[in-house]
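# Working through the structure, step by step
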Amino acid sequence: MKKLILFSVALATLAVSCVSKKKYVELQNDLFRTEATLAETRSEKEAIEAEKRVLEDRMGRIQARVDEYNARINSLRSENDAMFSLDGKTPMSRNTKQKLEATLAKVNQEDLANAKTMEDSVNLAISYNLKKSISDGSPEQDEDISISVDKTVVMINVSDRLLFNTGSYQVSRNADGLLKKLADVINAEPSVEVMIEGHTDPRSIRTGVLQDNWDLSVKRATSIVRILENKYQVEPQKLIAAGRASYVPVVDNDSPENMAKNRRTRIVIIPDLDKFFAMIE
């Protein structure tokens, strides 16, 4: 009986041992398959993430180009909306046109009524602002300073009685305020060139220094150029000195009053187009 019990226990132990080993092997196989599947999944995930990064990079570049094109389109639309034409030739921004209208509201309305074209209006506005910039507002200076514009060349005529004594090329001290304001206008515009042009009446002159009206007109121009350069720091490469003697009168020299009009200094300002429009401000 005792032997039978021992045999039964041994048989049961063997059976349990066999079942546990079989289950272990199955579990181990499941583990191997799971790990293999996990490794494959990780590999696929890494490949997908790498492809995603490539696509995101490509999309980023495409979006940057789209943004660039949109910005350019918007810029062109803004430029198209903003641009006006000066007599069908010269572009003028909406902002400049608004400033032009504001200035024209201040000018002499009789003069404005005579402005037939946009170019006339621009010239009138620039003349108004420049005269306001360099004149002290007195009736004398208002009468003795005149400004005209031809295309984009600005010409300021100043009577000699504001600048010189008769027959002299020494600049009057009373001209300092005017020349300082003129220098401020020139210095504010880096790209301009300025020609100072002396004019006389036809009465002949001859002194120990001056041979004739050519000499007088040129020396008057160089006297002003030197003051602009040395006293008011205008860059000399901007300046041109010229003399025309009595050969380009504005009126006939048939009276003392007309000869006084012909005795003048003409200041010719040659700006680039952008600076020309800036003079409207």
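For the structure itself, look to the data block above.
Residues numbered from 1 in each chain as written. Predicted model: local features only at pLDDT ≥ 70, side-chain atom pairs only at ≥ 80, totals over all residues. Heavy atoms only, no water.

## Some thoughts on the nonpolar core
Within the largest apolar cluster, 39 residues are counted, with the highest numbers of intra-cluster contacts made by Ile156, Leu163, Leu179 and Leu228. Mapped onto this core, the elements with two or more residues apiece are α2 (94-104), α4 (118-134), β3 (145-150), β4 (153-159), α6 (176-187), β5 (193-199), α7 (213-230) and β7 (264-270). Not counting residues within four places of it along the chain, the set of residues in contact with Leu228 comprises Leu179, Leu182, Ala183, Ile186, Ile196, Gln233, Val234 and Leu239. (Core = buried A, V, L, I, M, F, W, Y, C linked by side-chain atoms within 4.5 Å. Buried < 20%, exposed > 50% of the residue type's maximum accessible area, 1.4 Å probe, protein only. Helix = DSSP H or I, 4+ residues; strand = E, 2+ residues; numbered from the N terminus. Contact = heavy atoms within 4.5 Å.)

## So, the side chain of Ser135
Mapped onto the elements of the fold, Ser135 is located in the loop between α4 and α5 (139-144). What makes Ser135 buried here is its relative accessible area of 10%. Every residue in contact with Ser135, bar those within four places of it in the chain, is listed here: Gln141, Asp142, Ile145 and Lys181.

## Digging into the sheet that holds β7
Spatially, five strands are ordered β3-β4-β7-β5-β6 in an open sheet, and the strand pairing comes out mixed. Two strands in the sheet have a free side with no partner beyond their single neighbour: β3 and β6 (239-243). When strand polarity is set aside, the average angle formed by the axes of neighbouring strands in this sheet is 20 degrees. The pairing of β5 with β6 spans five bridges and is parallel. Among the inter-strand pairings, Gly198 is bridged to a residue of β6, identified as Gly243. Relative to β3, α4 is tilted by about 145 degrees, and along the sheet it contacts β3 and β4. Along the sheet, α7 makes contact with β5, β6 and β7, crossing β6 at roughly 160 degrees. (Pairing = 2+ DSSP bridges. Axes fitted to C-alpha atoms, helices over the stretch in contact; angles between N-to-C directions.)

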